[in-house]
Amino acid sequence: MNSDDLKLFARVVAAGSMSRAAIDTGSDTSTVSRRMSALEGELGVRLFHRSGRGVVPTERGRALGEFAVQVDGLLAEAARVVGAGAGEGPERLHIAAQPTIAQMLFAPLAQVFRREFPRTRLRLVEALASQILDQLASGELDLAILYLPEHTGATRYDLLFNEELRLVTPADYPVTSDPLPLARLAEIPLILPSTHHGLRVLAETLAARNGFALQIALECDASIALTRRLVMHGCGCTLLPVAAVAEELAARQLGSCRFDPPLSRSVGLAHGRNRVTPDGLWAAERLLRTTLENLVTGGHWPDARLP
């Protein structure tokens, strides 16, 4: 016997009929009748007087009905107490993201949180992958959205979406074809981070798999904005998603081309470790996922696609 059995039993008693109880619960009469017979068999007593006009609880049935009311009340109270405030979001929430992701996500996310969870004190941090991974490991973050590394290590991620990478060039850079064969990347001077996480590892891994070495013009561990400026001034090319350079492409301050085959990377969600999970985090995470999905499906995140 379980709470579902007791709830159905109470419905039958209230309806006075197996068929009416079946209609009320969206079931069929034979299923309701079979479950009530199984309940009687389990308890070893008759719970109903049955007749052509319906059913009436026996003395034992009335006693069970009192317990059913108590159990139903306890379950309702448990749901009310445990779920109190769950839909209001956490009191505080600390979210970090890499620069391009932060540029695309943080403004719409802050708007949605302000509307849906106005009492949540939201802290948004833009950082490089290495910094975010350190903060995840130390438990400083609740959530992090970042490009998935080639080797995830001990960090667990939930895949959110995939994003295509392009070769980003100075506006007057001579690109022989678009899309560009991936092997031609060996001929192009690149501006890439020196970090052992993220874009540099992806590019090095890609080159190794395809049998060529990267031509590093210079290393830049600063912001995406500085990388864009270095490319504009002809210091080299880089690998970035369209979302990171959309304004510069529209103003023809930069150029870009796709690769053949396409080059892409995945964006994932990671949870902080070694910390107490704040109340309401599940609701906040669900809101974050919905915001991201709306950006991708609405065409507001170029070259992005859901898995």
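Look up a bit, the structure's there.
The notes below deal with the structure included here. (Residues numbered from 1 in each chain as written. Predicted model: local features only at pLDDT ≥ 70, side-chain atom pairs only at ≥ 80, totals over all residues. Heavy atoms only, no water.)

## Things to note about the overall build of the protein
Stage number 1. Along the protein, the regular secondary structure elements total ten helices and 14 strands.
Stage number 2. Taking 307 residues into account, the globule formula puts the C-alpha radius of gyration at 19 Å, and the protein, at 30 Å, lies well above it.
Stage number 3. By principal-axis analysis of the C-alpha atoms, the protein measures approximately 90 × 35 × 35 Å.
Stage number 4. In the protein, which comprises 307 residues, the share counted as buried stands at 44%.
Stage number 5. Across the protein, the fraction of contacts at a sequence separation of at least 24, relative to all contacts at a separation of at least 6, is 74%.
Stage number 6. Accessible area for the protein stands at about 16500 Å²; split by element, carbon and sulfur atoms hold 50% of it.
Stage number 7. Of the side-chain charges in the protein, 32 are positive and 34 negative, and the distance between the mean point of each set is 6 Å. (Helix = DSSP H or I, 4+ residues; strand = E, 2+ residues; numbered from the N terminus. Rg over C-alpha atoms; globule rule 2.2 N^0.38 Å. Buried < 20%, exposed > 50% of the residue type's maximum accessible area, 1.4 Å probe, protein only. Contact = heavy atoms within 4.5 Å. Areas by Shrake-Rupley, 256 points an atom, 1.4 Å probe, with all protein chains shown as cover. Lys, Arg positive; Asp, Glu negative; His and termini not counted. Charge placed at Lys NZ, Arg CZ, Asp CG, Glu CD.)

## Remarks on the pairing of strand 5 (residues 143-147)
Stage number 1. Here strand 5 lies mainly inside the structure; five of its five residues are buried.
Stage number 2. Burial along strand 5 is two-sided: Leu 143, Ile 145 and Tyr 147 facing one way and Ala 144 and Leu 146 facing the other are all buried.
Stage number 3. Pairing between strand 3 (residues 92-97) and strand 5: three bridges, direction parallel. Of the residues in strand 5, the one forming a bridge with Ala 96 is Ala 144.
Stage number 4. The sheet contact formed by strand 5 and strand 13 (residues 263-271) spans five bridges and is antiparallel. Each residue of the ladder has a partner; that of Leu 146, found in strand 13, is Gly 268. (Pairing = 2+ DSSP bridges.)

## Section: the side chain of Thr 238
Stage number 1. One can find Thr 238 in strand 10 (residues 238-240).
Stage number 2. Look at Thr 238 and you get buried, because its relative accessible area is 1%.
Stage number 3. For Thr 238, the side chain forms a polar contact with the main-chain oxygen of Ile 191, separated by 2.7 Å.
Stage number 4. Those residues in contact with Thr 238 that lie beyond four places of it in its chain are Arg 166, Leu 167, Val 168, Leu 190, Ile 191, Leu 192, Thr 227 and Val 231. (Polar contact = N/O pair within 3.5 Å; in protein donor to acceptor, adjacent residues only side chain to side chain.)

## Some thoughts on the packing of helix 1 (residues 3-15) against helix 3 (residues 29-43)
Stage number 1. Closest axis-to-axis distance for the helix 1/helix 3 pair is 10 Å, and the angle between their directions is 115°. Taken together, the axis directions place helix 1 and helix 3 in an arrangement best described as roughly perpendicular. In the crossing of helix 1 with helix 3, the sense of the turn from one axis to the other is left-handed. Taken together, the residues of helix 3 that come into contact with helix 1 (itself represented by Asp 4, Asp 5, Leu 8, Phe 9 and Val 12) are Val 32, Arg 35, Met 36 and Leu 39.
Stage number 2. Looking at the contact of helix 1 with helix 3 residue by residue, the class counts come to six nonpolar, no polar and three charged. (Axes fitted to C-alpha atoms, helices over the stretch in contact; angles between N-to-C directions. Parallel < 35°, antiparallel > 145°, perpendicular 65-115°, else oblique. Left-handed = near helix turned anticlockwise from the far one by under 90°. Nonpolar A, V, L, I, M, F, W, Y, C, P; charged D, E, K, R; others polar.)

## What to know about unusual backbone geometry
Peptide bonds are trans in most cases, and residues, glycine excluded, mostly fall at negative phi.
Stage number 1. Here Asp 178 and Pro 179 are connected by a cis peptide whose omega angle stands at 10°.
Stage number 2. Within the secondary structure, Pro 179 is located in the loop between strand 6 (158-170) and strand 7 (180-181).
Stage number 3. With an omega of 0°, the peptide bond running from Asp 260 to Pro 261 counts as cis.
Stage number 4. With respect to the secondary-structure elements, Pro 261 resides in the loop between strand 12 (259-260) and strand 13.
Stage number 5. For Arg 252, which is not glycine, the phi torsion reads 60° and is therefore positive.
Stage number 6. With respect to the helices and strands, the residue Arg 252 is situated in the loop between helix 9 (246-250) and strand 11 (254-257).
Stage number 7. In this structure Arg 252 comes out as exposed when scored by relative accessible area, which is 72%.
Stage number 8. The phi torsion at Asp 303 lies on the positive side, around 60°, for a residue other than glycine.
Stage number 9. With respect to the helices and strands, Asp 303 occurs in the loop between helix 10 (281-297) and strand 14 (304-305).

## Focus on the packing of helix 2 (residues 18-25) against helix 3
Helix packing for two helices is described by the angle between their axes and how far apart those axes are.
Stage number 1. It is at 8 Å that the axes of helix 2 and helix 3 come closest, and there the two elements cross at 110°. The orientation of helix 2 relative to helix 3 falls into the category roughly perpendicular. The element helix 2 and its partner helix 3 pack so that their crossing is right-handed. Within the contact between the two elements, helix 2 uses Met 18, Ser 19, Ala 22 and Thr 25 and helix 3 uses Thr 29, Val 32, Ser 33 and Met 36.
Stage number 2. Each residue belonging to the contact of helix 2 with helix 3 can be placed in one class, and the counts come to four nonpolar, four polar and no charged.

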